[in-house]
Amino acid sequence: MSPLASTRLWTPAPASWRRRRAFVGGAFDPTSIAGLAFWVDAADASTITGSPDVSQWDDKSGNGRNLTQGTAGNQPDTGTRTQNGRNVIDFDGTDDSMATAAFTTNQPMTWFVVCLNDDGADGTGQSAMGQQSATLVRFGKQTGNTWNLNAGSGLSLGTADTAAHVFSVKINGVSSEIYVDGTSAGTGNAGANNVTTGMRVGAQGVTGAAFWDGWIAEALIYDSVLSDANRDAVLA
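Keep in mind that what you see is a predicted model, and the values were worked out from it rather than measured.

**What to know about the overall build of the protein chain**
Counting its secondary structure elements, the protein chain contains one helix and 17 strands. Counting all 236 residues of the protein chain, 55% fall into the buried class. Summarising the internal contacts of the protein chain: among those between residues at least 6 apart in sequence, 64% fall at separations of at least 24. Of the roughly 8500 Å² of accessible surface on the protein chain, 46% is carried by carbon and sulfur atoms.

Printed below as a string of structure tokens:
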């Protein structure tokens, strides 16, 4: 199935965007780029346990970093929403989230996430994905109605809205960068924190905070700053 950034088909694409090779007879494999640490894909039904409540969402990176949620009331939903005909995982913005077991990925990193926030510019801070720790490494939206990357120092760029987007973020200290649908929203200092306790999707923190209200279709983490060519390959 598609890698996250195969999501040219997840979101309405400008005419200049190429369609993901995996959907037109090709076979781009995100594991072909070295350093894939984590990858979940809601369009691959074989990786999802439970319906409509999701108790496990399997990692496709080969590292076994599956997302789980054992509390039924905190499980997001599958099969209830789609984007361009493809399944997405829906988080309620109140208490839904899923988490991996502990693992470590140090800066520099590249994250990709395909998502939509139902609240947009409502002034709330929400995390699409973040470290399971009070030590911040997270991406989502900020209270100032901007998209926000925080690895110890907040980098807030662009304007939060309720549209579907493909985000790619470089987490590299003072040289961090947020891309929205393939276009850079700017660069700056996101801080020097590393992922040391595993990941939470749909929120951040040990037990969950800043819960995401909206859907998440796909997410990937690479343990390096990808070259422009490799980032474009994921997004192509």
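Further notes follow.
**Quick look at the nonpolar core**
In terms of nonpolar packing, the biggest core is built from 39 residues, with W57, W111, V113, F139 and I216 touching the most fellow members. A per-element tally of this core places strand β8 (residues 109–117) first, with four residues. Setting aside chain neighbours within four positions, we find I216 in contact with A42, W57, V88, I89, F91, V113, V114, C115, A128, V201 and G202. Residues F28, I33, L36 and L235 belong to the second largest nonpolar core, which totals 18 residues.

**Things to note about the pattern of salt bridges**
Side chains that differ in charge, positive against negative, can pair when their charged atoms come close. Taken as a whole, this structure holds seven salt bridges when the rule is applied. With a shortest N-O distance of 2.9 Å, D44 and K60 are connected by a salt bridge. Placement of D44 in the loop between β1 (36–41) and β2 (48–49) and of K60 in the loop between β3 (56–57) and β4 (67–68) is noted, with a sequence separation of 16 residues between them. Each of the two residues, D44 as well as K60, counts as buried. D118 serves as the salt-bridge partner of R81, at 2.9 Å between the closest nitrogen and oxygen. Remark: D118 occurs in the loop between β8 and β9 (126–131) and R81 occurs in strand β5 (residues 77–83); sequence separation between them is 37 residues. A cluster of three or more residues bridged by salt bridges with shared partners is formed by D41, D44 and K60.

**As for the pairing of β5**
As defined by bridge partners, β5 adjoins strand β6 (residues 86–92) across four bridges and the pair is classed as antiparallel. The residue bridging T78 from the neighbouring strand is I89, located in β6. Following β5, the chain reverses through two residues before pairing antiparallel with β6; N84 in that reversal takes a positive phi of roughly 55°.

**Some points on the pairing of β9**
In terms of burial, β9 is a largely internal element, six of the six residues being buried. Here β9 runs beside strand β10 (residues 138–141); their pairing, made up of four bridges, is antiparallel. Within the sheet, the bridge partner assigned to Q126 lies in β10 and is K141. As defined by bridge partners, β9 adjoins strand β16 (residues 199–201) across three bridges and the pair is classed as antiparallel. Counted as the bridge partner of G130 is R200 from β16.

**What to know about the confidence of the model for the protein chain**
When the pLDDT values of the protein chain are averaged, the result is 89; 89% of them are 70 or greater. Here residues 1–8 is modelled with pLDDT under 50, and outside its nearest four sequence neighbours on either side it reaches 48 contacts, counting other chains as well. Note that pLDDT drops below 50 for residues 12–26; the model gives that stretch 32 contacts with residues more than four away or on any other chain.

**A word on the packing of aromatic side chains**
In this description, a pair of aromatic rings is defined by centroid distance and the angle of the planes. Applying the stated criterion across every chain, the model contains three aromatic pairs. Aromatic side chains F139 and F167 sit 4.9 Å apart centroid to centroid with 55° between the ring planes, which places their arrangement in the tilted category. Here F139, found in strand β10, pairs with F167, found in strand β13 (residues 165–171); they are 28 residues apart in sequence, far enough to count as distant. Overall, the relative accessible area of 1% leaves F167 in the buried class. Centroid distance W147 to F167: 4.8 Å. Interplanar angle 65°. Geometry classified as edge-to-face. Placement of the pair is W147 in strand β11 (residues 147–150) and F167 in strand β13, with a sequence separation of 20 residues. Through successive ring pairs, a cluster of aromatic residues spans F139, W147 and F167. Cation over ring: R231 sits above Y179, and NZ or CZ is 3.7 Å from the ring centre.

What counts, and at which threshold
Residues numbered from 1 in each chain as written. Predicted model: local features only at pLDDT ≥ 70, side-chain atom pairs only at ≥ 80, totals over all residues. Heavy atoms only, no water. Helix = DSSP H or I, 4+ residues; strand = E, 2+ residues; numbered from the N terminus. Buried < 20%, exposed > 50% of the residue type's maximum accessible area, 1.4 Å probe, protein only. Contact = heavy atoms within 4.5 Å. Areas by Shrake-Rupley, 256 points an atom, 1.4 Å probe, with all protein chains shown as cover. Core = buried A, V, L, I, M, F, W, Y, C linked by side-chain atoms within 4.5 Å. Salt bridge = Lys/Arg side-chain N within 4 Å of Asp/Glu carboxyl O. Pairing = 2+ DSSP bridges. pLDDT = per-residue confidence, 0-100. Phe/Tyr/Trp six-rings, centres within 6.5 Å; stacked < 30°, edge-to-face > 60°. Lys NZ or Arg CZ within 6 Å of the ring centre and 35° of its normal.

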